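# Close look at the chain arrangement
Each chain, letter by letter, is given below.
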Amino acid sequence: MPNTFLSSLPLSRFEIDRDHLTRDIPDLFDVLAADESTRVLPIFNQQALLDPEHSRLVFLGASVLGDAEQLVYLGRSLAETSLEPVGTRLVAAELSEEAAKALEPDESRWVNLRLVAADLDDRDAGAFTEALGILNWHHSHTHCPRCGAQTVPEKGGWVRRCPVQQIEIFPRTDPAVIVGIVDADDRILLGSNALWANNRYSLLAGFVEPGESLEAATVREVFEESGVRILEPEYLGSQPWPFPASLMCGFLARVDPVTAADPLLPDGEEILDVRWFSRADLEDPAQTVLLPGSSSIARAIIEHWYGGPLPRPTW
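All values reported here derive from a predicted model rather than from experimental measurement.

What follows is about the overall build of the chain. Assigned secondary structure in the chain consists of 8 helices and 16 strands. Over its C-alpha trace the chain gives a radius of gyration of 22 Å, about what one expects of a compact globule, namely 20 Å for 315 residues. Its C-alpha atoms give the chain principal-axis dimensions of about 65 × 50 × 40 Å. Partitioning the intrachain contacts of the chain with sequence separation of at least 6 by distance along the chain shows that 64% fall at a separation of at least 24. Entry remark: accessible area of the chain is about 15,500 Å², with carbon and sulfur atoms responsible for 52%.

Encoded structure:
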């Protein structure tokens with residue numbers, strides 16, 4: 001039976017074979033530049049070019065490769081409905097401001113993944129997510145963690161090598177948990193972060209610490225941020241969140257009945273307010289609460305609990 005929850009996660013979709021063996025080709029980008037069938041996804045300031053008429057990303061010819069500040073081989077397209085044939089090799093090219101403006105001066109054509117992910121097809125959503133994830137890693141690993149020497153990208157942009165230590169540095173992903181917490185009255189717990197406007201609410205979430213399981217992290221993070229004790233967190237699915245380098249692991253959990261009457265205790269630093277919401281609360285047009293956007297796993301978990309799409313504004 002298809003997992004309907006996973007199918008609701010825009011950034012978990014993909015139709016790309018990452019084709020890891022091709023990464024080992026010597027002078028790979030020279031080879032790809034000489035291939036007229038190569039297609040390039042231009043990235044500028046974490047944005048990609050959109051064809052607004054058809055709600056798809058713009059992929060360009062290999063001539064763009066020469067203007068890039070950073071290149072990453074994404075793999076081969078598997079999409080049968082895209083303009084590019086199945087098997088087309090795809091490259092992400094990060095551009096400077098000058099090159100981006102020369103390519104497309106209309107700033108409205110450059111779009112943010114958060115805003116368009118749900119409207120893109122599986123191939124484009126996967127390509128955009130993959131590109132941002134690996135490019136963000138390059139930004140934070142320009143120098144060797146051992147000696148500080150400048151590292152050199154290799155293997156299609158999937159490795160950085162320290163020329164002094166002769167070590168390879170591989171991309172990292174930071175696992176985080178995000179939890180839909182439900183009480184005995186089937187209400188869901190939402191919190192407002194200190195960095196947000198006070199009418200923005202979402203699920204509680206946090207990073208997994210070293211030596212900690214995903215399940216243990218859910219119990220710890222929820223208690224630290226809200227004072228709520230939970231039982232038996234149920235794993236729902238995961239979604240990459242390349243802002244800059246997270247993997248969001250989604251859970252649903254119920255409140256421990258022994259402590260259910262305990263007061264809610266937001267930590268006051270990261271979380272300023274936590275509240276229980278019923279389905280009727282979220283349906284009430286008088287409520288000014290804003291929920292997470294359609295590209296987030298938080299929205300998917302809330303709607304999984306709710307039982308369908310929510311007619312509630314997002315942020």
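Below, the discussion takes up the packing of aromatic side chains. Throughout the structure, instances matching the rule amount to 5 aromatic pairs. With centroids separated by 5.6 Å and ring planes inclined at 70 degrees, the aromatic side chains of Tyr201 and Phe277 adopt a geometry described as edge-to-face. Placement of Tyr201 in the loop between strand 12 (188–193) and strand 13 (204–207) and of Phe277 in strand 16 (residues 271–277) is noted, with a sequence separation of 76 residues between them. As far as the burial class goes, Tyr201 and Phe277 line up, both buried.

Burial analysis of strand 6 (residues 89–95) places 7 of its 7 residues in the buried class, the great majority of the element. A two-sided burial pattern is seen for strand 6, the buried positions comprising Arg89, Val91, Ala93 and Leu95 on one face and Leu90, Ala92 and Glu94 on the other. Summarising the sheet, strand 2 (residues 39–44) and strand 6 pair through 5 bridges and their orientation is parallel. Opposite Arg39, over in strand 6, you have Leu90 as the bridge partner. Relative to strand 6, strand 5 (residues 68–77) is paired through 7 bridges, and the arrangement is antiparallel. Following the sheet pairing, Val72 is matched in strand 6 by Ala92.

All right, on to helix 6 (residues 214–226) then. Taking 1.5 Å per residue, 13 residues should reach 18 Å; helix 6 reaches 18 Å between its end C-alpha atoms and fits that length. All of the buried residues along helix 6 are Ala217, Thr218, Arg220, Glu221, Val222, Glu225 and Ser226. Looking at the buried residues of helix 6, the elements they touch are strand 11 (174–182), strand 12, strand 13, strand 14 (230–241), strand 15 (246–255) and strand 16. Positive backbone phi, approximately 80 degrees, marks Gly227, located one or two places after helix 6.

In this section: the sheet that holds strand 8 (residues 152–154). Taken in spatial order, the 3 strands of this open sheet run 8-9-10, and their pairing is antiparallel. Both edges of this open sheet fall to strand 8 and strand 10 (167–169), since each of them pairs with a single strand only. When strand polarity is set aside, the average angle formed by the axes of neighbouring strands in this sheet is 40 degrees. The pairing of strand 9 (residues 159–162) with strand 10 spans 3 bridges and is antiparallel.

If you walk through the whole model with that rule in mind, you get 20 salt bridges. In this structure, Glu212 and Arg220 form a salt bridge, with 2.7 Å as the shortest nitrogen-oxygen distance. Judged by its relative accessible area of 16%, Arg220 falls in the buried class. Among the salt bridges present, the one from Arg299 reaches Glu303, with a minimum N-O distance of 3.0 Å. Taken together, the residues Arg299 and Glu303, both in helix 8 (residues 297–306) and 4 residues apart, mark about one turn of the helix. Classification of Glu303 as partly exposed rests on a relative accessible area of 22%. Through salt bridges with shared partners, one network takes in Glu209, Glu212, Arg220, Glu221 and Glu224.

Scoring rules and cut-offs
- Every residue gets a number counted from 1 within its own chain, in the order that chain's sequence is written.
- Selection of residues for local features in this predicted model requires a pLDDT of at least 70, selection of side-chain atom pairs for listing and counting requires 80 or more, and totals for whole chains, interfaces and linings are taken over all residues.
- Water and hydrogen atoms were dropped before computing side-chain values, which therefore reflect all heavy atoms in the structure.
- Secondary structure is summarised from DSSP: a helix means a run of H or I of at least four residues, a strand means a run of E of at least two, and numbering begins at the N terminus for each.
- This radius of gyration counts C-alpha atoms alone. The globule rule is 2.2 Å times how many residues there are, raised to the power 0.38.
- By definition in these notes, contact holds between two residues if any of their heavy atoms fall within 4.5 Å.
- For the accessible areas, the method is Shrake-Rupley and the probe is 1.4 Å, while residue cover comes only from the protein chains on display.
- Between rings of Phe, Tyr and Trp, where Trp is taken as its six-membered ring, a pair exists when centres lie within 6.5 Å; planes separated by under 30 degrees are stacked, by over 60 edge-to-face, and by other angles tilted.
- Accessibility here uses a 1.4 Å probe with only protein chains present; expressed as a share of the type maximum, an area under 20% marks a residue as buried, one over 50% as exposed, and anything in between as partly exposed.
- Strand pairing is assigned whenever DSSP detects at least two bridges linking the two strands.
- Working rule for helices: expected span equals 1.5 Å times residues minus one.
- Note on definitions: angles span 0 to 180 degrees between N-to-C directions of axes, and those axes are lines fitted to C-alpha atoms, for helices only across the stretch in contact.
- Any carboxyl oxygen of Asp or Glu within 4 Å of a side-chain nitrogen of Lys or Arg constitutes a salt bridge here.

Function cannot be read off these values alone, since they describe shape.
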